[in-house]
Amino acid sequence: FRIKKFQLGTFCIFSQAFSLTLNVPGDFSGIQDAIDFSQDGDSILVGPGVYFENINFNGKSIVLSSNYIEENDSLLIGTTIVDAGNEGSVATFNSGENSNSILQGFTLQNGNGNDEDPDNNGSFYTYGGGIYCENSDPLIKDCVIQNNTANEGGGAGIFCYDSSPIFSGCMIKENETDDVGGGLYARDGSSPSFFDCIFFDNIAEFGGGCYLKSLSTPFMENVAFI
């Protein structure tokens, strides 16, 4: 049995083999707390606000969304913010996530990347200020990925290593690195897909919009680089 305690109530919900909808901040004060509690098939709805934390799906097949998923109000994307405070990547997918791991309707900002060695050659660099994706294929929808960095590594907005995430309706803007891939750095067999996305005003030494390396073959439909 799973026990879910509500902060604003005196009762519990007991659930076995059924999915739950968890609310932040109603049931959990932090997004990662809700992720840690969740199980495959659950949904997490996050109310407007600024959440100063880093999030990691930890391989779970869950839907993590702002209230945009219910209200279809684009203003909720800009007012539901995950802010890493320049302490690592804002969102990390590195546990084999697939398209059943869904992130929707957030602004992801002020990440400075994870210190990682994805190819296990003993050299650590900083990758993926906004989103760090390694050996994982999540689905990211209707998100703004902005004002992130990844110096001495790359992929200030998004980093993909042997990963094929899907991005739909996303804005990747004003991310900056002194290395490669201001908006996107994809390498080592990554095949990310982008639908109806905009890369705007991203900066890098090489590949301000995107930098592709080592058999990376993205698919892009209705995508603008500005």
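Structure shown above.
Residues numbered from 1 in each chain as written. Predicted model: local features only at pLDDT ≥ 70, side-chain atom pairs only at ≥ 80, totals over all residues. Heavy atoms only, no water.

Before going further, it helps to examine the side chain of E134. Mapped onto the fold, E134 is located in strand β14 (residues 131-134). Here E134 sits buried without a salt bridge, and the closest side chain of opposite charge, R187, lies 9.6 Å off (N-O distance). (Helix = DSSP H or I, 4+ residues; strand = E, 2+ residues; numbered from the N terminus. Buried < 20%, exposed > 50% of the residue type's maximum accessible area, 1.4 Å probe, protein only. Lys, Arg positive; Asp, Glu negative; His and termini not counted. Salt bridge = Lys/Arg side-chain N within 4 Å of Asp/Glu carboxyl O.)

Attention now goes to the packing of aromatic side chains. This model, assessed by the stated rule, comprises twelve aromatic pairs. Judged by centre distance (4.8 Å) and plane angle (40°), the rings of F57 and F93 are tilted. Of this pair, F57 sits in the loop between β6 (55-56) and β7 (63-66) while F93 sits in strand β9 (residues 91-93), and the two are 36 residues apart along the sequence. For the pair F57 and F93, one class covers both residues: buried. Note on F167 and F194: the rings are 4.8 Å apart at their centroids and 5° apart in plane angle, and the pair reads as stacked. Residue F167 is found in strand β19 (residues 166-168), and its partner F194 is found in strand β22 (residues 193-195); the two are separated by 27 residues along the sequence. With respect to class, F167 is no different from F194; both count as buried. Three or more aromatic residues joined by ring pairs make a cluster, and in this case those are Y125, Y127, Y132, F159, Y185 and Y211. (Phe/Tyr/Trp six-rings, centres within 6.5 Å; stacked < 30°, edge-to-face > 60°.)

In terms of nonpolar packing, the biggest core is built from 37 residues, with I31, I44, L64, L103, F106, L108 and F167 touching the most fellow members. If you list the elements that add at least two residues to this core, you get β3 (21-24), α1 (31-37), β4 (43-46), β9, β14, β18 (158-161) and β21 (184-187). Sorting elements by how many residues they give to this core places α1 first, with three residues. When residues no more than four places from it in sequence are discounted, the contact partners of L103 are I55, F57, L64, A91, F93, L108, L139, I140, K141 and C143. If you look at the next biggest cluster of nonpolar residues, it comprises six residues, including Y132, F159, Y161 and Y185. (Core = buried A, V, L, I, M, F, W, Y, C linked by side-chain atoms within 4.5 Å. Contact = heavy atoms within 4.5 Å.)

With that settled, the discussion passes to the sheet that holds β19. In spatial order, the strands read β3-β4-β7-β10-β15-β19-β22-β25; together these eight strands make up an open sheet with parallel pairing. Unpaired on one side and paired on the other, β3 and β25 (219-221) mark the two borders of the sheet. Neighbour-to-neighbour, the strand axes of this sheet turn through a mean angle of 10°, independent of strand direction. Relative to β25, β22 is paired through three bridges, and the arrangement is parallel. Residue pairing across strands places F194 opposite M220, the latter belonging to β25. (Pairing = 2+ DSSP bridges. Axes fitted to C-alpha atoms, helices over the stretch in contact; angles between N-to-C directions.)

Another point: the pairing of β14. Burial along β14 is two-sided: the face carrying I131 and C133 and the face carrying Y132 and E134 are both buried. Sheet topology places β9 next to β14; three bridges connect them, and they run parallel. Each residue of the ladder has a partner; that of A91, found in β14, is I131. Bridge count for β14 against β18 is four bridges, and the pairing is parallel. When the bridges of β18 are listed, Y132 appears paired with F159.

For the coordinates displayed, the defined rule picks out two salt bridges. Between R187 and D119 there is a salt bridge, with its nearest N and O atoms 2.8 Å apart. Highlighted residues: R187 in strand β21 and D119 in the loop between β12 (114-116) and β13 (125-127), separated in sequence by 68 residues. Between D188 and R187 there is a salt bridge; the shortest N-O distance is 2.5 Å. Given the relative accessible area of 6%, R187 is considered buried. Among the ionic contacts, a cluster of salt bridges with common partners joins D119, R187 and D188.

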